[in-house]
Amino acid sequence: MMAEAVTKRSLGRYWLLVFVAFAAAFVIGLAVAYLSVWIMGGQMGEIEGVGKYVAIVVSLVCACATYVIGLRQAYKFKPRK
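Cut-offs applied
- Residues numbered from 1 in each chain as written.
- Predicted model: local features only at pLDDT ≥ 70, side-chain atom pairs only at ≥ 80, totals over all residues.
- Heavy atoms only, no water.
- Helix = DSSP H or I, 4+ residues; strand = E, 2+ residues; numbered from the N terminus.
- Buried < 20%, exposed > 50% of the residue type's maximum accessible area, 1.4 Å probe, protein only.
- Contact = heavy atoms within 4.5 Å.
- Areas by Shrake-Rupley, 256 points an atom, 1.4 Å probe, with all protein chains shown as cover.
- pLDDT = per-residue confidence, 0-100.
- Phe/Tyr/Trp six-rings, centres within 6.5 Å; stacked < 30°, edge-to-face > 60°.

### Structural notes on the overall build of the protein chain
Along the protein chain, the regular secondary structure elements total three helices and zero strands. Its helices and strands taken in sequence order, the protein chain reads α-α-α from the N to the C terminus. Expressed as a percentage of the 81 residues in the protein chain, the buried residues total 22%. By sequence separation, contacts in the protein chain at least 24 residues apart represent 77% of the contacts at least 6 residues apart. Within the structure as shown, the protein chain displays about 6400 Å² of accessible surface, and the carbon and sulfur contribution to it stands at 72%.

What follows is the structure in structure tokens.
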């Protein structure tokens, strides 16, 4: 049982999960940005005024939430000393 716990908590697996969390946050943030701009009836770069900032803030909030969820999973596998 102790050997199983040691193999689950490897440094490589931890950094892989951190990278996956970052990649997922990037993809989700970009998708939400495109979706919010599409809902506002424009294309990327054509939305002006408050709508541009709303799209940016919404996509950043979704990206941060995705990153935090991914990091929670990564910290479960963080190697201990």
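### Some words on the confidence of the model for the protein chain
Regions with low pLDDT should not have their predicted coordinates read in detail. Here the protein chain shows a mean pLDDT of 80. Residues at 70 or above account for 86%. Helix α2 (residues 11-39) holds the highest mean pLDDT among the elements of the protein chain, 87, whereas helix α1 (residues 2-8) holds the lowest, 53.

### Focus: the packing of aromatic side chains
The relation between two aromatic rings is expressed through the spacing of the ring centres and the mutual angle of the planes. Summed over the entire model, instances satisfying the criterion amount to three aromatic pairs. Seen from their ring centres, Tyr14 and Trp15 are 5.2 Å apart, and the 70 degrees between their planes marks the pair as edge-to-face. Judged by centre distance (6.5 Å) and plane angle (85 degrees), the rings of Phe22 and Tyr67 are edge-to-face. Linking Phe22 in helix α2 with Tyr67 in helix α3 (residues 50-76), this pair joins segments that are 45 residues apart in sequence. Given a relative accessible area of 53%, Phe22 falls into the exposed group.

### Brief notes about the environment of Ala24
Checked against the element boundaries, Ala24 lands in helix α2. Residue Ala24 is classed as partly exposed on the basis of its relative accessible area, which comes to 31%. Each C-alpha atom, one on Ala24 and one on Gly70, is 8.0 Å from the other, the two residues being 46 residues apart in sequence.

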